[in-house]
Amino acid sequence: MKKENLTVISQENLAPRIYRMKLKGESVRSMLTPGQFVHLKLGGRHPLLRRPISICDVEEDQLSIIYRVEGQGTSMLAEKKDGDTVDALGPLGEGFPITPSDDTALLIGGGVGIPPLYYLAKQLYDKGKRVKIILGFRRQEEMFLTEAFSRFGEVFVTTENGSCGTRGFVTDAIAKAGEFDVFYTCGPKPMLRAVEKAAGTNGYISLEERMGCGVGACLACVCDLKEAETDKSYVKACKDGPVFQAGEVVL
Amino acid sequence: MNRLNVELPGLKMKNPVMPASGCFGFGQEYAEFYDLSVLGAVAVKAATPETRRGNDTPRVAETESGMLNAIGLQNPGIDHILAHELPWLEKYDVPLLANIAGKTKEDYVLVAERISDATNVHALELNISCPNVKEEGLQFGSDPQMAAELTRAVKAVSSLPVYVKLSPNVTDIAGVAAAVEEAGADGLSMINTLMGMKIDIRTGNPILANKTGGLSGPAVKPVAIRMIYEVSQRVSIPIIGMGGIYSAEDIIEFFMAGASAVAVGTANFSDPFACPDLIKDLDRLLEEMEVSHISELTGRSWNKWEPNLSSSR
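Just so we're clear, the structure is a prediction, and the values are computed from it rather than from any experiment. Once a new chain begins, its residue numbering starts again from 1 and follows that chain's sequence as written. For this description, chains carry letters from A and ligands carry numbers from 1, given in the order in which they are written. Since the coordinates come from a predicted model, pLDDT governs what is reported: local features require at least 70, and pairs of side-chain atoms require 80 or more to be given and counted, while whole-chain, interface and lining totals use all residues. In computing side-chain values, all of the structure's heavy atoms are included and hydrogens and water are not.

1. Considering the domain arrangement of chain A
It is common to report an interface's size as the accessible area lost on association of the parts. Residue and element names in this part refer to chain A. Rules: Residue ranges for the domains trace back to a domain assignment, done automatically or taken from a database. Contacts are assigned to residue pairs with any non-hydrogen atoms lying within 4.5 Å of each other. One speaks of a salt bridge when a side-chain nitrogen belonging to Lys or Arg is within 4 Å of a carboxyl oxygen belonging to Asp or Glu. In protein, a polar contact means a hydrogen-donor-capable atom and an acceptor-capable atom, both N or O and within 3.5 Å, with residues adjacent in sequence counting only if both atoms are side-chain atoms; elsewhere, any N or O pair within 3.5 Å suffices. The way it works is that DSSP assigns letters per residue, a run of H or I at least four long becomes a helix, a run of E at least two long becomes a strand, and they are numbered from the N terminus.
What the domain assignment reports for chain A is domain 1 (2-92) and domain 2 (104-206). Tallying the contact residues gives 20 residues for domain 1 and 14 residues for domain 2. With its nearest N and O atoms 2.7 Å apart, the salt bridge here joins Asp 57 to Lys 122. Between the two partners, domain 1 and domain 2, sit 5 residue pairs in polar contact (both at pLDDT 80 or more). Where the side of domain 1 that touches domain 2 is concerned, the elements lending two or more residues are β1 (2-15), β2 (18-24), β5 (57-59) and β6 (62-68).

Here it is, written out as structure tokens:
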């Protein structure tokens, strides 16, 4: 975990409000685990807090992130040009574990929950695992990365309005994807809840939470554990997560 | 030459900068970034007699140049803190200011008594000003009599110096300050967060699950400066100043208003290296300003106002 001013090497618009940025720096070499995130500082005193953004891909000293412009922080990120720098702290958090005994992995991503699954798919594929991927979007125009994921396995797309792939939510495609040993999912909370219900217990979920410090000190992003231990009834999404075992935390 | 060392009751500090309580946990997270021994002191997270789970999430919201929090004094309780958190900090050469909170006077007394036995705790900070816990500490903070009574009760069971952390959410902060000084407080910490709120205009819902929260960050600095300026001229005990410190210039301003040390809160969240960077910057700035020791600046602005000739040209 380091703090470094990473240099922007490219920025592209993938879909409405969705951007992919590539950044370069020495600290990127330590970003080895999919599911971890970087904490970006934009602006001086406003916005005040850093923005947690998941790691989408890493190649040597180059980091790819994919983000959606939501507020002032991400708008400022979208305005960055090649050669500009971004104050980045990372890698932070615990990422997705890759279990040797599970041969077929089902990856389920919704919206901006999709990017961290890309780095995971790549690592699973490199380890010789069979990878199936369900990607959920609201509508066809908002789709991104579907082509890129197809390098690693079969891709199933769902759109809420039926403009592409299966009409409905990611859970509507789980049966279509067939058998799997382990699942990995990232997306909004209602989606995670539905996936947990539909996909069983052998899996991992990645939580999106509002964070303060990003390093475990401020206790802004705590989640309750389903089975409370005596001295610990909660976990921190930033430090203990964002990835947790399915069924571990209250969603 | 050391321009930065300051000595406050119980706290022999290498420099006047400490992380503020609630913004630094018990130090473990930040120890992954730097050696905590560089700090002047550490104000650890509030301890209550029992384990607290805190408020529901969302617990933080960003605002213009500030943030709202409603963590709700989440902490593992005094037993766990004594057994697991404080011993871990023993390896660092840094004095600790133990923040204590509770629902009743008895709660404060119990935590004060127990935490005073920890070998690395050098002073207590009574949190009578958390705005996020209903019908609790805040009532002590807004009533001078109750604040004084609590201070006396804690002083009676602990030989450690006692700092009282004052709430800015009152009409007469100097009145509360004078009352706790009279009751034997050894110092003051000021200010705690200002009660605030933020609404999501798309839904009409307050962003925080607790609805209201405590505002911190650069937005509150002028309020803190005014209150410290006012209180420091009314009391003779030292003040640890806090409220939106982001730069060495901010620290100088707190000293000139009347502070003798400072605590850094929200800035740690924006940048984990905030405290060590501020210490370095402060030393450089004092050299530039030709100030031989930081404590010379305390109260420099008291009863002072001169027309600024350079800006009126």
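2. What to know about the pattern of salt bridges
For the structure on display, the rule yields 33 salt bridges over all chains. In this structure, B:Asp283 engages B:Arg3 in a salt bridge whose closest nitrogen and oxygen atoms are separated by 2.8 Å. Residue B:Asp283 is located in helix α10 (residues 274-288), and its partner B:Arg3 is located in the segment before β1 (6-8); the two are separated by 280 residues in the primary sequence. Three or more residues joined by partner-sharing salt bridges are found here, namely A:Lys3, A:Arg50, A:Asp87 and B:Asp271.

3. Focus on the interface of chain A and chain B
For the record, the criterion: Accessible area that two parts lose when put together, with a 1.4 Å probe and added across both, is what the buried area reports. Just so you know the grouping, Ala, Val, Leu, Ile, Met, Phe, Trp, Tyr, Cys and Pro go in nonpolar, Asp, Glu, Lys and Arg go in charged, and all remaining residues, Gly too, go in polar.
Taken residue by residue, the interface counts 28 residues in chain A and 34 residues in chain B. For the pairing of chain A and chain B, the buried interface totals around 2,700 Å² over both sides, and the portion due to carbon and sulfur atoms is 59%. Looking only at chain A, the three residues that lose the most surface to chain B are A:Arg45, A:Leu48 and A:Arg210, adding up to 24% of its buried area. Counting the contacts that link chain A with chain B gives 6 salt bridges. Taken together, chain A and chain B are joined by 12 residue pairs in polar contact (both at pLDDT 80 or more). Of all elements in the fold, only β14 (222-224) and β15 (234-236) of chain A reach the threshold of two or more residues within the side of chain A that touches chain B. Looking at the side of chain A that touches chain B, its residues break down into 14 nonpolar, 3 polar and 11 charged.

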